[in-house]
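# Results of the structural survey
Spelled out, the chains give:
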Amino acid sequence: MNKNNTYAGIPEEYGNLSTSKIVIIPVPYDGTSTWQKGADKGPKAFLDASENMELYDIETDSEVYKEGVFLAEPITEKSSPEAVVDAVHQQTKKYINRNKFVTIFGGEHSISIGTIRAFNECFSDLTVLHIDAHADLRKEYEGSSCNHACAVYEANQTTNLVQVGIRSMDISEKRTMNEEKVFFAHDMAVNEDWMDDVIDQLSTNVFITFDLDALDPSIMPSTGTPEPGGLFYYETLEFLKAVFEQKNVVGFDMVELCPNENEKSSDFLAAKLFYKMLSYKFASNDDTYDIGENTIENNPFSKLSKFKNDEDEY
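Only a predicted model underlies this, so the values are computations on that prediction, with no experimental measurement involved.

## Concerning the pattern of salt bridges
Where side chains of opposite charge bring their charged atoms close, a pairing between them can arise. The final tally for this structure, using the stated rule, is 11 salt bridges. Taking the shortest distance from any N to any O, the salt bridge between lysine 276 and glutamate 59 comes out at 2.6 Å. Here glutamate 59 lies in the loop between helix 1 (42-50) and strand 2 (69-71) and lysine 276 lies in helix 8 (residues 265-282), a separation of 217 residues in the sequence. The exposure class assigned to glutamate 59 is partly exposed, which follows from its relative accessible area of 25%. Residues lysine 93 and glutamate 121 are paired through a salt bridge, measuring 2.8 Å at the closest nitrogen-oxygen approach. A residue pair is termed long-range when its members are at least 10 positions apart, and lysine 93 in helix 2 (residues 81-96) and glutamate 121 in helix 3 (residues 111-122) qualify at 28 residues. Bridged by salt links that share partners, the residues Asp57, Glu59, Lys241 and Lys276 form one connected network.

## As for the side chain of serine 266
Tracing the chain through its elements places serine 266 in helix 8. Residue classification places serine 266 among the buried positions, given a relative accessible area of 0%. At a separation of 3.3 Å, a polar atom in the side chain of serine 266 contacts the main-chain amide nitrogen of serine 222. Each residue touching serine 266, except ones within four places of it in the same chain, is listed here: Ile219, Met220, Pro221, Ser222 and Leu257.

## Focus: the environment of isoleucine 104
As for its placement among the helices and strands, isoleucine 104 is situated in strand 3 (residues 101-106). Sequence separation between isoleucine 104 and glycine 251 is 147 residues; the distance between their C-alpha atoms is 8.6 Å. Filtering out sequence-adjacent residues up to four positions away, isoleucine 104 remains in contact with Ile25, Val27, Thr92, Ile111, Thr115, Phe119, Phe252, Asp253, Met254 and Phe274.

Quick notes on the rules
- Numbering of residues starts from 1 in each chain and follows the order in which that chain's sequence is written.
- Residue-level local features of this predicted model are given only where pLDDT is at least 70; pairs of side-chain atoms are given and counted only at 80 or more, and the full residue set underlies all totals for whole chains, interfaces and linings.
- Only hydrogens and water are removed before side-chain values are computed, so all heavy atoms of the structure are retained for them.
- By convention in these notes, a salt bridge is any Lys or Arg side-chain nitrogen within 4 Å of a carboxyl oxygen on Asp or Glu.
- Going along the chain from the N terminus, every DSSP run of H or I of four or more residues is numbered as a helix, and every run of E of two or more is numbered as a strand.
- Under the scheme applied here, a residue whose accessible area is under 20% of the maximum for its type counts as buried, over 50% as exposed, and between as partly exposed, the area being computed with a 1.4 Å probe on protein chains only.
- Two N or O atoms count as a polar contact when they lie within 3.5 Å, although within protein this holds only if one can serve as hydrogen donor and the other as acceptor, and sequence-adjacent residues are included solely when both atoms are side-chain atoms.
- Should any heavy atoms of two residues lie within 4.5 Å, those residues are counted as being in contact.

Any functional reading would require information beyond the geometric quantities listed.
Shown next, in the form of structure tokens:
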């Protein structure tokens, strides 16, 4: 069997399009990044790392791959940023219309313009939950509106955009930004209720675009722009679990893994986090992936956040 013939090396019976509930679309594209190149190699590094995961998730007591995970052909369009966004838009929408839970692994963040456009056309009252170190709100950058620095400009105009973890931006982006729906990293550091505050801003249907540089570079160094002061692993899981339990997450993408041959932990973190998100989505006892109005109880990570109050009990 060829490497990456199925996602995570799962048996082919769980990788058929007709019976799979989940689709993963790799987009190995790095046409507009401006510092460290290599995000085009992210999907392969992610898939290679995924083949080395244990597929039983302890926390959710589940094996989510048994829901069926179809690994789509990579989108290899590279002729222009606009052509890439269009190809991603069309392919994403095709699988949504087949009633699949569609996920995308980039590639750099400009691909999310296409994914968000597809989800916004298919789901009403959509919130885009943008987890990132960077605001990505430029109308255009370096002559294109399909640049990674413009990843959520369109979403800000057409959806309910909520931004989390932001700690780097240009002053020009303040004019576009809805600051009531932006959670800056320095504010999150001193607000123990930030997760609840974010969830209060979300509508029922949520698409998550997860830029891996949202994570702290001490645990995720292999990104194009490793910004200090990011999220740590267990607080990220606590937050994501809350979103999946309280809202209807309709899909997600993950971008900006810039693999380093000498540093494999980032690849593995991306693989585990992606699988965790799938596990949270399908951990419901329902046959459908529309989790709806479940509520959080006894969250195991509630005492593991990065910033703790001195009066917290352990």
